Amino acid sequence: MPLTVTLPDGSTQSHPQGATAHTVAAAIGEGLAKAAIGARVNGDLVDVNLPLPGDCTVALVTAPRQNKKGISKWRDEAHEADALMLLRHSAAHVMAEAIERLFPDTLLAYGPALSTGFYYDLSLDTPISTTDFERIEDEIQKIAAEDRPFTRYALEPVAGMARLMAEDNKYKIDNAQKAIAKGAAELSWYATGEQDKNWEDLCQGPHVPRTGLLGAVKVMSVASSHWHGDVTSDRFQRVYGTAFFTPADLDVHLENLEQAKARDHRVIGRSLGLFEIDEMVGQGLVLWKPKGAVVRDQLQKFISEHLERQGYSQVFTPHIGKLDLYRTSGHFPYYADSQYPPLVERDHLKKLSDEGCSCAELTASMSDGTIEGYMLKPMNCPHHIRIFASDKHSYRDLPVRLAEFGTVYRWEQSGELGGMTRVRGFTQDDAHLFVTPEQLAAEVLGCIELVKIVFKTLGMNDYRVRVGLRDPDSSKFVGEASDWDAAENACIAAAESLDVPFSKEPGEAAFYGPKIDFVVKDVIGREWQLGTVQVDYQLPQRFDLSYTGSDNAEHRPIMIHRAPFGSMERFIGCLIEHFNGSFPLWLSPEQVRVLPISDKFNDYATTVLDALKDQGLRCSMDTSSNRVNGKIKVAQEDKVPYMLVVGGKDADAGTVSVRHRTDGDRGAVPLADFVAAAVKERDERELG
């Protein structure tokens, strides 16, 4: 019986059983058949030569075209991500083969593709070092030049396990056993070439059709890792690499990495005196120094203006809460691994100590509610819910919009911490809106407006949107289907209003409702997930929230969680790298520095300084013994937007010689004119 294939444009094809995505491409055209390297079949990324499962949807993934410089041109970001995932998964296999050629005692464990490349975990007594990278790359190039096909074959579980037992690789045996336990009907291998002749690896796929598509592969680094991430288990060497379709693509990537290294917020933040992470205070806990506090304070004032305009009420909540609060919300004990341990009340702790209670017994008692305690708050929402619940509400009172710059705490593994972008204590520009069903769509749009204002003001105009929707076939999503439909339609309509690329991602909603995530691309092309808007039906139900409707009956409100910045720490870490530390005037910790060319002009320099301070400009005067060129150099290194060089002519004429940190010398202007221009630039939050 023939199968029906539905293409992205809605058209259909009819093919015999056993047809592949390559068959579909060939039916469209010879050129497409040559370019096809994989496909999305019913939403899953698969090999281009894998038999289709029956009637299905097929979206082909093709190798990119190149411009005159050899840089790949992509249809869209989703297509690029799929093609690179296929390529990089294949490159992981080829790198593993190359390593086994050079180090025959290698025992392979696991080698996935990543968003930026791939890695392979392997057991090998001989340390792999940077001096080995070139040799590995040479072997990779040889394998790529052979242009061997990636050939898939599968065995039923019993035969597959017998094969693995004969190979005697305990890691592959463990991988296979886990796959079978999850219901795998077969075990699959990929050979780079012919089965039982060329190198092969236990793998689910997918891969590109042949090794010759690996246009540029580079070994990037080597680190240590452990089997299943367990530090008590076998230790591995984890070899990282990356792959692109052309050498030019790789060159662009490496250049971006160099730029990223130069823009590292940890380095810039320390050199500019913005923040500190002190081992004595604790890993992942940020100390905001005075200059960094200025940046944070300005951002908070900026968004607070718009919160007031939109009718938000500011609230403050404590840093801890009773365990029962988080039991009700569901944060404890279900997310205990990502939270700090509970704090036990003194009386309970003494009683348990006297009784010789073990740590495991204490944990169990806290989980089941036998013993009460407190916890550093992992989320602000339960606290805001209790504020809402403290008063009776009519439908006339809604929407209720509660906002807080609330600090929360999460237990992140030490190896996952990274400067300000991954921390253990962070402040969210958090808000929770309690709305009626009729208000939902408009309030989601209002949240979206805030995000747009933030991005526009900061010049972050290159961003995309992910709309996380429920999977109708999954049981993890709670609530009525009609509520979900309304919420999803509101989120999709809001995303459409932005006029930026957005994707609908079924199955990616939170269990309590759909969400909108904003993924920003910075000036060197890196993506950061920043703001979010989420619709929630679950927490109002868990806390039994209600309002009185126009029918005098009790109704359940809907919650909206929204945070345009997300985490202040992460957002400012991103901004430091985006601006390379050269913040626009309104955000700069120091906006103007006065540079007298010698001590005898300090009096006039003080007059200039006072004029700046009178208008609230953040400024200082360099009274050091440096020559003026030295003072300029220091100010440039401090990334001060404006330097005002003053000497005798300026004192006589009432002028200042203006120097901009990027434009250089702008010449002499009347002091009053400069102050007025700087105030305008600051107040209008110009990017400069």
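Every value quoted in this text rests on a predicted model; they were computed, and no experiment measured them.

(A) The arrangement of the overall build of the protein chain in detail. Per the secondary structure count, the protein chain includes 21 helices and 34 strands. When its C-alpha atoms are laid out on the principal axes, the protein chain stretches across 90 × 70 × 65 Å. Here the protein chain holds 688 residues, and the buried ones make up 51% of them. Taken as a whole, the protein chain presents about 32,700 Å² of accessible surface, with 50% of it coming from carbon and sulfur. Taken together, the 74 basic and 99 acidic charged side chains of the protein chain have centroids lying 4 Å from each other.

(B) The arrangement of the packing of helix α3 (residues 77-102) against helix α4 (residues 133-145) in detail. Between α3 and α4, the least distance of the axes is 9 Å, while the angle of their chain directions is 120 degrees. Here α4 runs oblique to α3, going by the angle between their axes. In this structure, α3 meets α4 at a crossing whose hand is right-handed. In this structure, α3 contributes Val-94, Met-95, Glu-97, Ala-98, Ile-99, Arg-101 and Leu-102 to the contact, and α4 contributes Arg-135, Ile-136, Glu-139, Ile-140, Lys-142 and Ile-143. Split into classes, the residues belonging to the contact of α3 with α4 amount to 8 nonpolar, no polar and 5 charged.

(C) A look at the sheet that holds strand β23 (residues 463-469). The strand order across the open sheet built from 8 strands is β17-β21-β22-β29-β26-β25-β23-β24, with neighbouring strands paired in mixed fashion. This sheet does not close on itself; its edge strands, each paired only once, are β17 (313-314) and β24 (502-506). In this sheet, strand β29 (residues 558-563) lies alongside strand β22 (residues 425-435) in antiparallel orientation, the contact comprising 5 bridges. What sits directly across from Phe-434, in β29, is Met-559. Lying over the sheet, helix α14 (residues 440-457) contacts β21 (400-409), β22, β23, β25 (515-521), β26 (527-536) and β29, oriented at roughly 5 degrees with respect to β29.

(D) Quick peek at helix α5 (residues 157-167). When we look at burial in α5, the residues that qualify are Gly-160, Met-161 and Leu-164. In an axial view of α5, the angular spread of the buried residues amounts to 95 degrees, which keeps them on one side of the axis. Those residues of α5 that are exposed and aimed more than 90 degrees away from the buried face are Val-158 and Ala-166. Residues of α5 that are buried in the fold lie against β10 (150-155), α6 (170-181), β11 (187-192) and β12 (200-202). Of the residues flanking the start of α5, the one acting as N-cap is Glu-156, its side-chain oxygen 3.1 Å from the backbone nitrogen of Val-158. At the exit of α5 stands Asp-168, carrying a positive phi of roughly 60 degrees.

(E) Fine view of the pairing of strand β1 (residues 3-6). The two faces of β1 differ: Leu-3 and Val-5 on one face are buried, but Thr-4 and Thr-6 on the other face are not. Relative to strand β2 (residues 12-15), β1 runs antiparallel, the two sharing 4 bridges. Bridging from a neighbouring strand, Leu-3 pairs with His-15 of β2. With antiparallel pairing between neighbouring strands as the criterion, β1 and β2 make up a hairpin whose turn holds 5 residues, including Gly-10 at a positive phi of roughly 95 degrees.

(F) Spotlight on the packing of aromatic side chains. Within this structure, the stated rule accounts for 16 aromatic pairs. Summarising the aromatic geometry, the rings of Phe-302 and Trp-586 are spaced 5.5 Å apart at their centres and angled 65 degrees between planes, so their arrangement reads as edge-to-face. Of the two residues, Phe-302 sits in helix α9 (residues 290-309) while Trp-586 sits in the loop between α17 (568-578) and β30 (592-596), which places them 284 residues apart along the sequence. Residue class for Trp-586 comes out buried when judged on its relative accessible area of 1%. Among the aromatic residues, ring-to-ring pairing joins Tyr-110, Tyr-119 and Tyr-240 into one connected group. The cationic tip of Arg-88 hangs over the ring face of Phe-244; the distance from NZ or CZ to the ring centre is 4.7 Å. Taking NZ or CZ as reference, Arg-685 lies 5.1 Å from the ring centre of Trp-586, over its face.

(G) Inspection of the sheet that holds strand β5 (residues 56-62) at higher detail. Taken together, 5 strands build an open sheet; the order of strands is β2-β1-β5-β3-β4 and the sheet is mixed. Each of the sheet's edge strands pairs with one partner strand only, and the pair in question is β2 and β4 (44-47). Taken over all neighbouring pairs, the strand axes of this sheet differ in orientation by 35 degrees on average, direction set aside. Sheet strands touched by helix α1 (residues 21-28): β1, β2, β3 (36-41) and β5. Its angle to β2, the strand with the most contacts, is close to 120 degrees.

Cut-offs and rules
- Numbering of residues begins from 1 in every chain and follows the order in which that chain's sequence is written.
- Note on the predicted model: pLDDT of at least 70 is required for a residue's local features to be given, and 80 or more for side-chain atom pairs to be given and counted; whole-chain, interface and lining totals, by contrast, use all residues.
- Based on all heavy atoms of the structure, the side-chain values leave hydrogens and waters out of the count.
- Each helix is a run of DSSP H or I of at least 4 residues and each strand a run of E of at least 2, with the numbering of both proceeding from the N terminus.
- Relative accessibility thresholds used throughout: buried, under 20% of the residue-type maximum; exposed, over 50%; partly exposed, between the two (1.4 Å probe, protein chains only).
- Accessible surface is estimated by sampling points in the Shrake-Rupley manner with a 1.4 Å probe; for residues, cover comes only from the protein chains shown.
- Asp and Glu count as negative and Lys and Arg as positive, but His and the ends of the chain are not part of the count.
- Here the site of a charge means NZ on Lys, CZ on Arg, CG on Asp, or CD on Glu.
- A fitted line through C-alpha atoms serves as each axis, taken over the contacting stretch for helices, and the angle formed by two N-to-C directions is quoted from 0 to 180°.
- The labels follow the angle: roughly parallel below 35 degrees, roughly antiparallel above 145, roughly perpendicular from 65 to 115, and oblique for the rest.
- Each crossing gets its handedness from the near helix: less than a right angle anticlockwise from the far helix is left-handed, clockwise is right-handed.
- Whether two residues are in contact is decided by their heavy atoms: any pair within 4.5 Å suffices.
- Gly is placed with the polar residues, together with every amino acid not listed as nonpolar (Ala, Val, Leu, Ile, Met, Phe, Trp, Tyr, Cys and Pro) or charged (Asp, Glu, Lys and Arg).
- Two strands qualify as a pair provided that DSSP identifies no fewer than 2 bridges between them.
- Directions pointing from the helix axis toward each C-beta atom define the arc.
- Think of a polar contact as two N or O atoms within 3.5 Å of one another; within protein, one of them needs to be a possible hydrogen donor and the other a possible acceptor, and neighboring residues in sequence only count if both atoms come from side chains.
- Here a pair means two rings of Phe, Tyr or Trp (six-membered ring of Trp) with centres within 6.5 Å. Their orientation is stacked below 30 degrees between planes, edge-to-face above 60, and tilted elsewhere.
- For a lysine, the NZ atom is tested; for an arginine, the CZ atom; a charge sits over a ring if that atom is within 6 Å of the ring centre and within 35 degrees of the ring normal.

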